[in-house]
Amino acid sequence: DDEGEEELDFYFNSYSHFGIHEEMLKDRVRTESYRDFMLKNGDLFRDKVVLDVGCGTGILSMIAARAGAKHVYGVDMSTVVYQARENVRENGLEGSVTLFKGKVEEVELPVAHVDIIVSEWMGYFLIFESMLDTVLFARDKWLRPGGVVHPDQSSIYLVALDDEEHKNDRLRFWDDVYGYRMSAMRRSVFVEPAVEVVRPESVVSAPHVIRSIDANTCQVADLTFTVPFALVVQRDATVYALASYFDTLFERDCAVPVMFGTGPECTPTHWKQTVLFLEHELPVKRGDVITGDITVDRLASNPRGLDIKLHYSPPDQPDVKHFQRFKME
């Protein structure tokens, strides 16, 4: 429909802006992990045909060529691909890197199959923006039997938080805004997940994996799910929020596996962490277990957004089920 087309146009046009690519390239954890994966696994790339899904500035395509790929095809829907072609020529790689502008679902490649697919598809909460759908389409259409998609393994984690300063900044702020109460604004905090850097000392539970994804085998249907969780509390606290983050692994067929994480204890990345503020604070003691379930689905109004439903119970009242619904748009 027209509204859906407008959402897609906004998504692709946003990736035409210089600032987004500058931020991603300056994210050293992200870019150096991809570089190390390819350059330290030259045997994987040598004389192989590679497809870079969502090639952006062409950085991954060029690294793959340097790693020994026979030829690299990159595809991107945004107009940044025109600058990427100049980047390829400037670095003398036009003989081994070819970039196409268009949707992966519509573009025609000059080859029937590729040996390797690389893509930086991860979004906030790992799967926000749903670019993995496009990678899976490319995998099913072009990847030869025995070929690999990288990164191959990713997991989403959930932890509980207690941070009085952060709570004051995000929640209590609305109780006194230059002498005025703004409770209506405060309510939005419990609906819209916040993407921000969480201080590692705020984490009061062990992490719980809510989803693991293998890009070589998963299906689009696997990206919507309902799973239970149990967060084991590690110190006395008052839990006011949950935070999500992910880690990513390049492992399949790699002589030198490479991994990076986006948790609070890791070097901050442009993905930061995703924070879900709880309407009902949970006083907890060390050893308590916060139980519940989380449902992650696509937004009906914007399939690149996420509809997150959360049920959670206080450790001392397991029969009490609090419910919240969050929208990432």
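Quick notes on the sheet that holds strand 4 (residues 114–119)
Strands belonging to one sheet form pairs held by backbone hydrogen bonds; the direction of such a pair is parallel or antiparallel.
Thinking step 1. The strand order across the open sheet formed by five strands is 3-2-1-4-5, and the pairing between neighbours is parallel. One side of each edge strand has no neighbouring strand; the edge strands of this open sheet are strand 3 (97–101) and strand 5 (143–150). Neighbouring strand axes in the sheet, compared pairwise and without regard to direction, differ in orientation by 20° on average.
Thinking step 2. Sheet analysis places strand 1 (residues 49–53) next to strand 4, joined by four bridges and oriented parallel. Its bridge partner lying in strand 4, L51 is registered against I117.
Thinking step 3. Set on the sheet, helix 7 (residues 131–142) makes contact with strand 1, strand 4 and strand 5; between it and strand 5 the angle comes to about 155°.

Here we look at the nonpolar core
Thinking step 1. Within the largest apolar cluster, 86 residues are counted, with the highest numbers of intra-cluster contacts made by F45, L51 and F229.
Thinking step 2. Here this core gets six residues from one element, more than from any other, and that element is helix 7.
Thinking step 3. Y157, V177, V189 and F190 belong to the second-largest nonpolar core, a separate cluster that totals 16 residues.

Section: the pairing of strand 14 (residues 306–313)
Thinking step 1. Counting buried residues in strand 14 gives six out of eight residues, a clear majority hidden from the surface.
Thinking step 2. Relative to strand 14, strand 13 (residues 289–298) runs antiparallel, the two sharing eight bridges. Across the sheet, T295 pairs through a bridge with K309, a residue of strand 14.
Thinking step 3. Where strand 14 and strand 15 (residues 322–328) come together, seven bridges link them in antiparallel fashion. Among the inter-strand pairings, L306 is bridged to a residue of strand 15, identified as M328.

Structural notes on a nonpolar patch on the surface
Thinking step 1. A cluster of nonpolar side chains, Y178, Y180, M182 and M185, forms an exposed patch at the surface whose accessible area comes to about 520 Å².
Thinking step 2. When you line up the elements, Y178 lands in the loop between helix 8 (164–170) and helix 9 (183–189).

Examining the sheet that holds strand 14
Thinking step 1. Spatially, four strands are ordered 9-13-14-15 in an open sheet, and the strand pairing comes out antiparallel. Every other strand in the sheet has two partners, leaving strand 9 (225–232) and strand 15 as the edge strands with one partner each. Strand after strand, the sheet turns through a mean of 20° between neighbouring axes, direction not considered.

Quick word on the pattern of salt bridges
For side chains of opposite charge, pairing can occur when their charged atoms come near one another.
Thinking step 1. Enumeration according to the criterion identifies 18 salt bridges in this entry.
Thinking step 2. The closest approach of N and O atoms between K26 and E22, which form a salt bridge, is 2.6 Å. Here K26 and its partner E22 are both found in helix 2 (residues 18–26), four residues apart, which amounts to about one turn of the helix.
Thinking step 3. Classification of E22 by relative accessible area gives partly exposed; the value is 30%.
Thinking step 4. With a closest N to O distance of 3.9 Å, R186 and D175 form a salt bridge. Note that R186 is positioned in helix 9 and D175 in the loop between helix 8 and helix 9, a separation of 11 residues in sequence.
Thinking step 5. The partly exposed category is assigned to D175, whose relative accessible area is 29%.
Thinking step 6. Linked by salt bridges that have partners in common, D163, E165, R199 and E201 make up one network.

Some remarks on the pairing of strand 10 (residues 237–250)
Along any regular strand, the residues point their side chains to alternate faces of the sheet.
Thinking step 1. Summarising burial for strand 10: 12 of the 14 residues are buried, a large majority.
Thinking step 2. When strand 10 meets strand 11 (residues 258–261), the two strands line up antiparallel, connected through four bridges. Each residue of the ladder has a partner; that of D247, found in strand 11, is G261.

Observations concerning helix 3 (residues 28–39)
Thinking step 1. Counted at 1.5 Å a residue, the expected span for helix 3 with its 12 residues is 16 Å, and the 16 Å between its end C-alpha atoms agrees.
Thinking step 2. Residues of helix 3 that are buried include every one of V29, R30, T31, S33, Y34, F37 and M38, and no others.
Thinking step 3. If you check the start of helix 3, you find a side-chain oxygen 3.3 Å away from the backbone N of V29, and it comes from D27.

Quick look at the packing of aromatic side chains
Thinking step 1. Taken as a whole and assessed by the stated rule, the structure comprises 10 aromatic pairs.
Thinking step 2. Measuring from centroid to centroid gives 4.6 Å for F37 and F250, while their planes differ by 20°, and the two rings are stacked. In this pair, F37 is assigned in helix 3 and F250 in strand 10, connecting sequence segments 213 residues apart.
Thinking step 3. The buried category is assigned to F250, whose relative accessible area is 0%.
Thinking step 4. Aromatic pair Y240 and F277: ring centres 6.1 Å apart, planes at 35°, arrangement tilted. With Y240 in strand 10 and F277 in strand 12 (residues 273–284), this residue pair connects regions lying 37 residues apart in the sequence. Both residues of the pair, Y240 and F277, count as buried.

Considering the side chain of S313
Thinking step 1. Looking at where S313 falls in the secondary structure, it is placed in strand 14.
Thinking step 2. Of note is the side chain of S313, whose polar atom sits 2.6 Å from the backbone oxygen of V320.
Thinking step 3. With near-sequence residues (within four places) excluded, S313 lies in contact with L282, I290, T291, P318, V320 and K321.

About the criteria used
- Residues numbered from 1 in each chain as written.
- Predicted model: local features only at pLDDT ≥ 70, side-chain atom pairs only at ≥ 80, totals over all residues.
- Heavy atoms only, no water.
- Pairing = 2+ DSSP bridges.
- Helix = DSSP H or I, 4+ residues; strand = E, 2+ residues; numbered from the N terminus.
- Axes fitted to C-alpha atoms, helices over the stretch in contact; angles between N-to-C directions.
- Contact = heavy atoms within 4.5 Å.
- Core = buried A, V, L, I, M, F, W, Y, C linked by side-chain atoms within 4.5 Å.
- Buried < 20%, exposed > 50% of the residue type's maximum accessible area, 1.4 Å probe, protein only.
- Patch = residues over 30% accessible without salt bridge, like charges linked within 9 Å, V, L, I, M, F, W, Y side chains within 5 Å.
- Areas by Shrake-Rupley, 256 points an atom, 1.4 Å probe, with all protein chains shown as cover.
- Salt bridge = Lys/Arg side-chain N within 4 Å of Asp/Glu carboxyl O.
- Expected span 1.5 Å × (residues − 1).
- Polar contact = N/O pair within 3.5 Å; in protein donor to acceptor, adjacent residues only side chain to side chain.
- Phe/Tyr/Trp six-rings, centres within 6.5 Å; stacked < 30°, edge-to-face > 60°.

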